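The lines below spell out each chain.
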Amino acid sequence: PVFVLIHHLEKQAPWDRQSFDRLQALARRRCAQPRPLDRKALERDAHLLGATLLHLLIGDPPPADLERLASALVRLRALTDLGDHLRRHRPQLPVTELPDFRDPHQPEQMEALSTSIARECQAIRVLLGRRQDLRSIPATVQPGARYAFLAAGRLLSRIESAGTDLLASEPRLGLMDRLCLLLSARWR
């Protein structure tokens, strides 16, 4: 069904072939190298994935502020799914910071995980920047970007307060959260 939908959308408005090929190359790389080796690789991969998805979505090369937001969202998504990724031995945290997480009962592994989560949260906060940074984003995507920015901030706060407890329960936004964020994104 996904490929049928892609074909249908292709007939309406052709996909940017270079971005689509880049997306496939990123997927192949993720299969071959399921974890980033170091923080630099994590940053590069998240940036490339975010920028590629944006280019496919809006049809033009995205501005730098929007690319940063997309990169932050990719990294935030990896944190919200961290429990599942750890169970599959594929956490999107650098191997240099979290070598091979096997036993959550070992204090040194939990300490390394906690440090890596905190470091990633701090890096995502820097990427998110300030709401004023969104003003340079094209008007056609500004409402969505504002919502994504606000939702990311709320999720990130929940992850920071949960620490390693997020392994047991993935942070999510409830219906009321989403409605409030939609209103805030629309009228503020």
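The structure we're discussing is the one just above.
Residues numbered from 1 in each chain as written. Predicted model: local features only at pLDDT ≥ 70, side-chain atom pairs only at ≥ 80, totals over all residues. Heavy atoms only, no water.

1. Thoughts on unusual backbone geometry
And step 1. Even without glycine at this site, H89 takes up a positive phi of about 60 degrees.
And step 2. Looking at the secondary structure, you find H89 in the loop between α5 (82–87) and α6 (107–128). (Helix = DSSP H or I, 4+ residues; strand = E, 2+ residues; numbered from the N terminus.)

2. As for the packing of aromatic side chains
The relative placement of two aromatic rings is captured by the distance of their centres and the angle of their planes.
And step 1. Overall, the coordinates contain one aromatic pair when judged by the stated rule.
And step 2. Residues W15 and F20 carry aromatic rings whose centres are separated by 5.6 Å and whose planes lie at 45 degrees to one another, so their mutual orientation is tilted.
And step 3. Owing to a relative accessible area of 23%, W15 belongs among the partly exposed residues under this scheme. (Phe/Tyr/Trp six-rings, centres within 6.5 Å; stacked < 30°, edge-to-face > 60°. Buried < 20%, exposed > 50% of the residue type's maximum accessible area, 1.4 Å probe, protein only.)

3. As for the pattern of salt bridges
And step 1. Counting across every chain of the model gives 15 salt bridges.
And step 2. E10 serves as the salt-bridge partner of R17, at 3.0 Å between the closest nitrogen and oxygen.
And step 3. One salt bridge connects R119 with E97, and the closest N-O pair in it is separated by 2.8 Å. Here the residue R119 occupies a position in helix α6, and E97 occupies one in the loop between α5 and α6, the gap between them amounting to 22 residues.
And step 4. Judged by its relative accessible area of 16%, E97 falls in the buried class.
And step 5. The network of salt bridges with common partners includes R39, R75, E97, R119 and E120. (Salt bridge = Lys/Arg side-chain N within 4 Å of Asp/Glu carboxyl O.)

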